[in-house]
Amino acid sequence: MLNAAVHRGWEWLAHHGEISPSTPGRFDFARLGEGVSIGFPIGTIYGERWISIGDHTLIGTHVTLAAGFVPGLDLGPDVIVRIGGSCSFGRGNQIIGHQSIEIGDDVFTGPNVYITDQNHSYDDLDMPIGRQWPENNPVVIGDGCWLGTGAIILPGTRLGRNVAVAGGAVVRGEFPDHCVVAGVPAKIVRRYDPEEGWQPPLRGGSPLVSLDELAKLSEGELHGLELLNQRLREEAG
């Protein structure tokens, strides 16, 4: 009974602790659109006056949303962190803006993604890097992008529309629409050509599992499992 009560109590806290357009926290933001939910437990949030979030965007638990170096700064008249509508941000994300972070509509992320438009400089050879004045460079993430778990988006990054960023990638620079970037530092590993389709094509020219094979698996047929194993062995070979 005590265990059940604890879990019910936590569910109550999670529901009533979120920030949404129906809670007082909405007044702190430059804009908190219809249907927005910032999950509880809430991460570090400050500079809300310079943060705008579009309609129906969902933000997971333990997410940091920050504008400015520390709370209480006057950052001027313009929005610094602008998040579009119908986005979904995984737990533990950190979005930290100082000059300009623009995130488009329908952007999805895995957990623990880090996005910032500021980094320390290292030009002064006699001063510790952590004490040197940081440099800002705007970040733009286009509509429909997907950022995998643990991806790091550094200052100056510009992602086009529907760019897939592999988990753990460290991204800096400009990347066109409809491409896949991966690695440290991130590079284009696949892109869409209007005439030739996705390049390079998948190995074997077809997905690892066909629709027929999936149908057989869903029906519980062992033969489907054998086909799948055979295909995977061929791809690995």
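This text follows the structure it describes.
These numbers come from a predicted model, not from an experiment.

1. A closer look at a negative patch on the surface
A contiguous patch of negative charge, built from Asp123, Asp124, Asp126 and Glu135, is present on the exposed surface. Relative to the elements of secondary structure, Asp126 occurs in the loop between β13 (118-120) and β14 (134-136). For Asp126, a relative accessible area of 77% translates into the label exposed.

2. Re the state of the cysteines
Applying the stated criterion to the full structure yields zero disulfides. The structure places no disulfide on Cys87, whose sulfur is separated from the nearest cysteine sulfur, that of Cys145, by 9.8 Å. Its relative accessible area of 2% is what places Cys87 among the buried residues. Free of any disulfide, Cys145 has its nearest neighbouring cysteine sulfur in Cys179, separated by 8.2 Å.

3. Thoughts on unusual backbone geometry
The omega angle of the peptide bond from Val184 to Pro185 is -5°, so this bond is cis rather than trans. If you trace the backbone, Pro185 turns up in the loop between β22 (179-182) and β23 (187-193). In the segment running from Gln199 into Pro200, the intervening peptide bond is cis, with an omega of -10°. With a phi angle near 55°, Asp106 is a residue other than glycine that sits in the positive phi range. With a phi close to 55°, His178 is a non-glycine residue in the positive phi region. Along the polypeptide, His178 turns up in the loop between β21 (174-175) and β22. Taking relative accessible area as the criterion, His178 reaches 25% and is therefore assigned partly exposed.

4. Overview of the sheet that holds strand β3 (residues 45-46)
In spatial order, the strands read β3-β6-β9-β12-β17-β20; together these six strands make up an open sheet with parallel pairing. Edge positions in the sheet fall to β3 and β20 (170-171), since each has one partner strand and no second. As judged from the four bridges shared by strand β6 (residues 64-67) and strand β9 (residues 94-97), these two strands associate in the parallel manner. Looking across to β9, one finds that Ala67 is bridged to Gly97.

5. A few points about the sheet that holds strand β18 (residues 158-159)
Reading across from one edge, β1-β4-β7-β10-β15-β18-β21 is the order of the seven strands in this open sheet, with parallel pairing throughout. Pairing within the sheet leaves two strands with one partner each, and these edge strands are β1 (31-32) and β21. Examined bridge by bridge, β1 and strand β4 (residues 51-53) share two bridges and lie parallel to one another. The partner of Leu32 across the bridge, within β4, is Ile53.

6. Section: the environment of Ile42
Residue position: Ile42 is located in the loop between β2 (37-38) and β3. Once the C-alpha coordinates of Ile42 and Ala14 are considered, the two residues, 28 residues apart in sequence, prove to be 9.5 Å apart. Leaving out residues up to four positions away in the same chain, Ile42 has contacts with Gly17, Ile19 and His62.

Quick notes on the rules
- Residues numbered from 1 in each chain as written.
- Predicted model: local features only at pLDDT ≥ 70, side-chain atom pairs only at ≥ 80, totals over all residues.
- Heavy atoms only, no water.
- Patch = residues over 30% accessible without salt bridge, like charges linked within 9 Å, V, L, I, M, F, W, Y side chains within 5 Å.
- Areas by Shrake-Rupley, 256 points an atom, 1.4 Å probe, with all protein chains shown as cover.
- Salt bridge = Lys/Arg side-chain N within 4 Å of Asp/Glu carboxyl O.
- Lys, Arg positive; Asp, Glu negative; His and termini not counted.
- Charge placed at Lys NZ, Arg CZ, Asp CG, Glu CD.
- Helix = DSSP H or I, 4+ residues; strand = E, 2+ residues; numbered from the N terminus.
- Buried < 20%, exposed > 50% of the residue type's maximum accessible area, 1.4 Å probe, protein only.
- Disulfide = S-S within 2.5 Å.
- Pairing = 2+ DSSP bridges.
- Contact = heavy atoms within 4.5 Å.

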